[in-house]
Amino acid sequence: RNQIQQALLHMELVDASLILTTQTLGQTKTKGKSLVKAMPVSGKYETLHLPAKQHQQVVNYARGHNLELALVELYNAFSEYLRSVLHVIHRNQPLDLVRDAAIDLAPSEVASANDEESLRELHFEHAFRSLEVRGNAELLLTRVIEETGISISDGVQKEALMFLEMRNLILYNGGEVDERYARNSSSALRVKAGGKLPRNVKLGRRAMRAVEKLCLDLDAQLLKNRLLKTA
């Protein structure tokens, strides 16, 4: 939750700063000036020498990119959350995902393991990485639910996954909506295959809250089933 709150704070602060930049430049005489000369800031900036008259175009791009970075950070935080949860559970009961994974440890890694516990840790990290590298949030979440036997509302899962799956579209598809994503999310986000993902701070805030809700529900179920303990 701390990581999500920090990501939300950073996203909103940057967005507010960019809006302020637009307002400042809109009230400043910018004719013939570069961005860095037109803004009342000190410091050396290597890329802010574009004509200040282009500020709206630059700011619009930056606001969209800010949202994309926030969604990628959100996915990373969720993945790390699942890794931490599974790691704790695996200490007490071996997980099938570790047994099922084709793990080929390098001889140097095996040699570095001082005892059986260290070797189990290595197997876990490799197993989780093999799932994570596929970049599929739904797969990760499904394995957690299967491994633990907990129950999470379909609505909560669907809302969070809709935003988590944006990460792959941003990183690997230029932010363009594909057929599968459009089919699964068009009613909630009004997106079309071939179109661009929406990029605004309101959507980012909704994404953060949806993933936070999923994590809280996961925690509650894991505690209820005695798979985690309160601090």
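Each chain has its residues counted from 1, running along the sequence as written. pLDDT decides what is reported in this predicted model: residues at 70 or higher carry local features, side-chain atom pairs at 80 or more are listed and counted, and totals for whole chains, interfaces and linings draw on all residues regardless. With hydrogens and water excluded, all non-hydrogen atoms of the structure serve as input to the side-chain values.

1. With respect to the pattern of salt bridges
Criterion for a salt bridge: a side-chain nitrogen of Lys or Arg within 4 Å of a carboxyl oxygen of Asp or Glu. Enumeration according to the criterion identifies twelve salt bridges in this entry. Of the charged contacts, one joins Arg 205 and Glu 12 as a salt bridge, the two residues approaching to 2.7 Å between their closest N and O atoms. Of the two residues, Arg 205 sits in helix α11 (residues 201–224) while Glu 12 sits in helix α1 (residues 2–26), which places them 193 residues apart along the sequence. Its salt-bridge partner being Arg 143, residue Glu 147 comes within 3.3 Å of it at the nearest N-O pair. Here the residue Glu 147 and the residue Arg 143 both occupy positions in helix α7 (residues 137–148), the gap between them amounting to four residues, near one helical turn. Side by side, Glu 147 and Arg 143 carry an identical accessibility label, which is buried. Salt bridges here are not isolated pairs; linked through shared partners, they connect Arg 1, Arg 209 and Glu 212. Put simply, DSSP H or I for four residues or longer makes a helix, DSSP E for two residues or longer makes a strand, and each gets a number counted from the N terminus. Burial classes: relative accessible area under 20% of the type maximum marks a residue as buried, over 50% as exposed, and values in between as partly exposed (1.4 Å probe, protein chains only).

2. Let's talk about the environment of Arg 143
Judged by its relative accessible area of 17%, Arg 143 falls in the buried class. Separated by 57 residues in the primary sequence, Arg 143 and Leu 86 place their C-alpha atoms 9.9 Å from one another.

3. Section: the packing of helix α8 (residues 154–164) against helix α10 (residues 179–189)
The angle between two axes is taken between their N-to-C directions and runs from 0 to 180 degrees, where each axis is a line fitted to C-alpha atoms and a helix contributes only its stretch in contact. The interhelical angle for the contact between α8 and α10, taken along N-to-C directions, is 110°, at an axis separation of 11 Å. Taken together, the axis directions place α8 and α10 in an arrangement best described as roughly perpendicular. Judged by the sense of rotation from one axis to the other, the crossing of α8 with α10 is left-handed. Of the residues in α10, those in contact with Lys 158, Met 162 and Phe 163 of α8 are Tyr 181, Asn 184, Ser 185, Ala 188 and Leu 189. Should an angle fall under 35 degrees it is taken as roughly parallel, and over 145 as roughly antiparallel, whereas 65 to 115 is taken as roughly perpendicular and any remaining angle as oblique. Helix crossings get a hand from a simple test, with the near helix turned counterclockwise from the far one by less than a right angle marking a left-handed crossing and a clockwise turn marking a right-handed one. Working rule for contacts: check all heavy atoms of both residues, and any pair within 4.5 Å makes them a contact.

4. Some words on the packing of aromatic side chains
Any Phe, Tyr or Trp ring, taking Trp's six-membered ring, that has another such ring centre within 6.5 Å forms a pair; planes under 30 degrees apart are called stacked, those over 60 apart edge-to-face, and the others tilted. Here the structure, examined in full by the defined rule, presents one aromatic pair. By definition, being over a ring means that NZ of Lys or CZ of Arg is both within 6 Å of the ring centre and within 35 degrees of the ring normal. Seen from the ring of Tyr 75, Arg 167 lies directly overhead, with NZ or CZ sitting 4.4 Å from the centre.

5. Examining unusual backbone geometry
Located in the positive-phi region is Arg 190, a residue other than glycine, with phi close to 60°. On the secondary structure map, Arg 190 appears in the loop between α10 and α11.

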